[in-house]
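Each chain is listed here by its residues.
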Amino acid sequence: MITFEDLKKILITDYQDEDINTVIKAFHFASEAHRGQKRRTGEDYIYHCLATAYNLAQMKMDIPSITAGLLHDVPEDTDFSLDDVKNNFGKEVAELVAGVTKLGTLKYRGLERYAENLRKMFLAMSKDLRIIIIKLADRLHNMQTLEGVREEKRLRIAQETLEIYAPIANRLGMFEIKTRLEDLAFPYIYPSEYLWVSNLVKDRLKTETKYIDKIQHLAQKDLVKNNIHYLQIKGRVKSLFSIYQKLLHKGKDLNKVYDLIALRIIVPDVIDCYSVLGIIHKRWTPLKGRVKDYIAQPKPNGYRSLHTSVFTEFGKIAEIQIRSQAMDEEAEFGIAAHSRYKELKNIDSKKNPPTWVKHLLEIQKSITDNVEFIKHVKNDLFLNRIFVFTPKGDVIELPENATPLDFAFHIHTDIGNKCVGAKINEQMVSLNHALKSGDVVEILIDKNRKKPNPDWLNIVITTAAKDKIRNQLRK
Ligand code: MN
């Protein structure tokens, strides 16, 4: 249970006094508004508000977000109105609370409800990304206390979490939150699989923990000997849900999951990451093909780190992950991470939401059929992203399996229409070739060409390219 003292403790290290006073005021306001209300767990309602605000403070969100976190259920569940919130805490906080409240009221079930949910999420995102982050903080606590909810409702909430909230957290780069949401939903949605995996892992975990402790000890000694300053070194257990997903790919053989526990080393700077990697490889031989430099080439979802698997003197393999403090914070909080969040605040998010949010908004407006809509969203939002380059070195973000045609139409409709060929890394490729992260893509055009080829509709995978081709063909 999170208390107000807990919240204050993290606020004091990161925020100004007058900001903390606003939060104190919001705490008193919310306590008064929710007085006498209890959750099904028996707790006073205010503890839910506190936990939400605490999650936001941990993500280092700004004061309006933390304030709105405390007040997020006030207009919906108490005698106080949105106007009361506005009069006491101003327009910015009131708009955040209103955004979260709107997300909370849903009428439909099943597919209809799912589509409706997604549409509301995108609309809110395009207004202010902070609304979604507050909603994620709220959902995280609801999942942690799901035991206290009616059984039928429990399943629905867990499903929503797995199908909507976790993918959105992932898209926002909030991998830690995504993982926590998935692990919390797992036992409710796949109860027997959950039991199977947790039993399978239990015994292995005991021996693995001892093993990783030994590896940690040895690595630590080497770092000290080489005068490498590290901030943290610890064993990190893979999440149950990702073990489950990995098992499905590895013929259900736990012995093929090498990274059940990984040793994670956090250092101050990027350059230190490579020094540590050198020291590790000097002591232990790396496995061929298992050294991954996600710093030079981040994963499609933006994840950065160095990964290596090494043979150790104990006749076993160990996976080691090395990253800087900034990478660690990014992996945890994604778009909300301190450094990135500054950027987010500086842009007027109404006028200038991230491109992918704008794109989702277009989809949400242009596709009224819910089945079609979900199909497109799954494709455009939940598929992994790749980052490719124009010949001039500009970065273009596309979904995994995008083709040179998707790239061409992404650059400009006219480039798409006139496209007659493509080069990837200076090699000619066919127009249905799947692009990979890091590819340099060059589109060859014929100036006299006016219309796209109707067959391209079967090649492109992005909604934007499909729409553009259809529009051109109609003309
Ligand atoms: Mn809530």
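Residues numbered from 1 in each chain as written. Predicted model: local features only at pLDDT ≥ 70, side-chain atom pairs only at ≥ 80, totals over all residues. Heavy atoms only, no water.

Turning to the overall build of the protein, a few remarks are in order. A count of helical and extended segments in the protein gives 20 helices and 11 strands. Taking 23 Å as the expected radius of gyration for a compact globule of 475 residues, we find that the protein reaches 25 Å, a close match to that expectation. Of all 475 residues assigned to the protein, the portion counted as buried reaches 49%. The contacts in the protein between residues at least 6 apart in sequence include a share of 66% that link residues at least 24 apart. Split by element, the accessible area of the protein, about 23,500 Å² in all, is 50% carbon and sulfur. Side-chain charges in the protein split into 74 positive and 63 negative, and the spacing between the mean points of these groups amounts to 4 Å. (Helix = DSSP H or I, 4+ residues; strand = E, 2+ residues; numbered from the N terminus. Rg over C-alpha atoms; globule rule 2.2 N^0.38 Å. Buried < 20%, exposed > 50% of the residue type's maximum accessible area, 1.4 Å probe, protein only. Contact = heavy atoms within 4.5 Å. Areas by Shrake-Rupley, 256 points an atom, 1.4 Å probe, with all protein chains shown as cover. Lys, Arg positive; Asp, Glu negative; His and termini not counted. Charge placed at Lys NZ, Arg CZ, Asp CG, Glu CD.)

The next thing to look at is the pattern of salt bridges. A complete count under the given rule lists 25 salt bridges for this structure. Note that R35 and E32 form a salt bridge whose closest N and O atoms lie 2.9 Å from each other. The class of R35 is exposed, set by a relative accessible area of 60%. Since its relative accessible area comes to 42%, E32 is described here as partly exposed. Linking K38 and D44 is a salt bridge whose minimum nitrogen-to-oxygen distance equals 2.6 Å. Look at D44 and you get partly exposed, because its relative accessible area is 33%. Beyond isolated ion pairs, a larger network of salt bridges with shared partners links D62, E92, D128 and R130. (Salt bridge = Lys/Arg side-chain N within 4 Å of Asp/Glu carboxyl O.)

What follows covers the packing of aromatic side chains. The final tally for this structure, using the stated rule, is 13 aromatic pairs. Judged by centre distance (5.2 Å) and plane angle (70°), the ring pair of F186 and F241 falls under edge-to-face. Highlighted residues: F186 in helix α10 (residues 175–189) and F241 in helix α12 (residues 240–249), separated in sequence by 55 residues. Summarising the burial analysis for this pair, F186 and F241 share the class buried. Taking the centre distance of 6.1 Å and the plane angle of 65° together, the rings of Y294 and Y303 count as edge-to-face. Judged by its relative accessible area of 16%, Y294 is buried. Classification of Y303 by relative accessible area gives buried; the value is 11%. The aromatic ring of W284 is capped on one face by R283, whose charged end is 5.6 Å from the ring centroid. (Phe/Tyr/Trp six-rings, centres within 6.5 Å; stacked < 30°, edge-to-face > 60°. Lys NZ or Arg CZ within 6 Å of the ring centre and 35° of its normal.)

The next thing to look at is unusual backbone geometry. The phi angle at K60 is positive, at roughly 60°, despite the residue not being glycine. Inspection of the secondary structure puts K60 in the loop between α3 (46–58) and α4 (63–71). Look at K60 and you get partly exposed, because its relative accessible area is 23%. With a phi angle near 60°, N227 is a residue other than glycine that sits in the positive phi range. With respect to the helices, strands and loops of the structure, N227 is situated in the loop between α11 (191–225) and β1 (232–237).

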